[in-house]
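What the coordinates show
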Amino acid sequence: MRLRSLLQLSADSLILALIGAAASAAQGTPALRAPLPDDPPPTSLFDDQTTALGIDFVHQHHGTGEKYMIENMGSGVVIFDFDGDSRLDLYFVQGSAIEPNTPQAPSTAALPWHSTNRLYRQLPDGTFEDFTAKAGVGDSGYGMGAGYGDYDRDGDLDLYVTNFGPNVLYRNRGDGSFENVTEIAGVSCDSWSASAGFFDPDGDGDLDLYVTNYLDFDFDNHKWCGNAQTGIRAYCHPAVYEATPDCFFRNEGDGRFTEVSR
């Protein structure tokens, strides 16, 4: 009986819709139709202003042909006001040259400039300037994402970068520059990290840090995936690898964190 009632309701709704459409047509309302070849193109809601605004970042995955899992992953961007001028700035996370048997990328000096993360500071006229070198945030790890928060409560937004390999915490000095305090803070979380977030779950006024990790992949356990008959290699499905536990760091309020994941 309930099914019959629902079917009857659907049929009644369809009839009402058809009656409404017929009434609209009778009143001169134009009916919907498929676009014709000579129809003018629709007006775009957005204009690509990337180059005009001075943003020349190009993401590099540095594929080797070996189908390493990290090559199959993109990276993130942070939109935040790092210098407190009420204008949003952009921090792009970059890939890096891949060296098998080590999760760390080579030093910044050994890489072309485009192979580091980039910070673009927004100017009063809405354009951007590359502020990476001045700010000191050109991390050269194989980046995945980033997050921000004022972990030391000094009024300036700090930056945490997630990598394949050691992550990086940049403390905002408040003068337009950052310092790498990862080792002092104890928040490296040396794994394959994806994203991170600052929040205060214990309500003590200090932002703690949660880091999400991805797969238990490294160059030593790299697996062959693809078509064995043709010999064509492909990137493996993520299920081929084990998952990696996340990291949770409690802020001690003195610039240091304690890992309390378990």
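Here, every reference points to the structure presented above.
Every chain is numbered independently, its residues counted from 1 as its sequence is written. Given that the model is predicted, a residue must reach a pLDDT of at least 70 before its local features are reported, and side-chain atom pairs must reach 80 or more before they are shown or counted; all residues, however, enter totals for whole chains, interfaces and linings. For the side-chain quantities, the full set of heavy atoms in the structure was used; hydrogens and water were omitted.

Here's the deal with the overall build of the protein
Applicable threshold: Helix and strand assignments follow DSSP, with helices taken as H or I runs no shorter than four residues and strands as E runs no shorter than two, numbered in order from the N terminus. Only heavy atoms enter the contact rule, under which two residues are in contact if any of them lie within 4.5 Å. The accessible surface values rely on the Shrake-Rupley method and a 1.4 Å probe; as for residues, cover is taken only from the protein chains in view.
Counting its secondary structure elements, the protein contains 3 helices and 14 strands. Long-range contacts, defined here as pairs at least 24 residues apart, represent 55% of the contacts in the protein between residues at least 6 apart. Accessible area for the protein stands at about 15,100 Å²; split by element, carbon and sulfur atoms hold 55% of it.

Brief notes about the state of the cysteines
Filter applied, for reference: Any cysteine sulfur atom paired with another within 2.5 Å is treated as part of a disulfide.
Enumeration over the complete set of coordinates arrives at 2 disulfides. Through a disulfide, C189 is tied to C247; the S-S separation comes to 2.2 Å. On the sign convention where negative is left-handed, the bridge of C189 and C247, at about 85 degrees about the S-S bond, is right-handed. Taken together, the residues C189 in the loop between α3 (182-185) and β9 (191-199) and C247 in strand β13 (residues 247-251) connect sequence positions 58 residues apart. The residue that forms a disulfide with C225 is C236, at a sulfur-sulfur distance of 2.0 Å. Taking the torsion about the S-S bond as the criterion, the C225 to C236 disulfide, at about 100 degrees, is right-handed.

Observations regarding the sheet that holds strand β2 (residues 89-92)
Basically, it comes down to this: Whether two strands pair comes down to DSSP finding at least two bridges between them. The axes are straight lines fitted to the C-alpha atoms, using for helices just the contacting stretch, and the angles between their N-to-C directions are given from 0 to 180°.
Within the open sheet, the 4 strands sit side by side as β1-β2-β3-β4. Their pairing is antiparallel. Bordering the open sheet on either side are β1 (77-80) and β4 (128-130), each of which pairs with just one other strand. Neighbour to neighbour, the strand axes of the sheet diverge by 20 degrees on average, direction disregarded.

Here we look at a negative patch on the surface
What counts, and what does not: Residues enter patches when their relative accessible area tops 30% and they take part in no salt bridge; the joining distance is 9 Å for like charges and 5 Å for the nonpolar side chains Val, Leu, Ile, Met, Phe, Trp and Tyr. Any Lys or Arg side-chain nitrogen found within 4 Å of a carboxyl oxygen on Asp or Glu counts as a salt bridge. Here Asp and Glu are counted as negative and Lys and Arg as positive; His is not counted, and neither are the chain ends. To locate a charge, take atom NZ for lysine, CZ for arginine, CG for aspartate or CD for glutamate. Note on exposure labels: buried denotes an accessible area under 20% of the residue type's maximum, exposed denotes more than 50%, and partly exposed covers the range between, all computed with a 1.4 Å probe on protein chains only.
Together, D216, D218, D220 and E242 give the surface a local cluster of negative charge. For D218, the location among the structural elements is in the loop between β10 (208-213) and β11 (226-227). Note on D218: relative accessible area 30%, which makes it partly exposed.

Focus on the environment of N163
Positionally, N163 belongs in strand β6 (residues 158-165). You can call N163 buried: its relative accessible area is 2%. Placed 32 residues apart in sequence, N163 and S195 show a C-alpha to C-alpha distance of 9.0 Å. When residues no more than four places from it in sequence are discounted, the contact partners of N163 are D139, G141, Y142, G143, M144, V168, S191, W192 and S193.

Considerations on unusual backbone geometry
Phi angles above zero are rare outside glycine, and S86 is one such case at about 70 degrees. By secondary structure assignment, the location of S86 is in the loop between β1 and β2. Taking the relative accessible area as the measure of exposure, S86 reaches 70% and is therefore exposed. With a phi angle near 50 degrees, C189 is a residue other than glycine that sits in the positive phi range.

Examining the environment of V137
Along the chain, V137 turns up in the loop between α2 (132-135) and β5 (142-149). Taking the C-alpha atoms as reference points, V137 and R171, separated by 34 residues in sequence, lie 9.9 Å from one another. Those residues in contact with V137 that lie beyond four places of it in its chain are Y91, N117, L119, T132, L159, Y170 and F178.

Topic: the pattern of salt bridges
Under the definition given, this model contains 12 salt bridges. Between D154 and R171 there is a salt bridge whose closest N-O contact spans 3.8 Å. Of this pair, D154 sits in the loop between β5 and β6 while R171 sits in strand β7 (residues 168-172); the two residues are 17 residues apart in sequence, bridging distant segments of the chain. A salt bridge links E252 to R250, with the shortest nitrogen-to-oxygen separation between them at 3.0 Å.

Some words on the pairing of β7
Within a regular strand, the side chains alternate between the two sheet faces. Within β7, 4 of the 5 residues are buried, leaving the element largely enclosed by the surrounding structure. Relative to strand β8 (residues 178-180), β7 is paired through 3 bridges, and the arrangement is antiparallel. Following the sheet pairing, Y170 is matched in β8 by N180. With antiparallel pairing between neighbouring strands as the criterion, β7 and β8 make up a hairpin whose turn holds 5 residues, including G174 at a positive phi of roughly 90 degrees.

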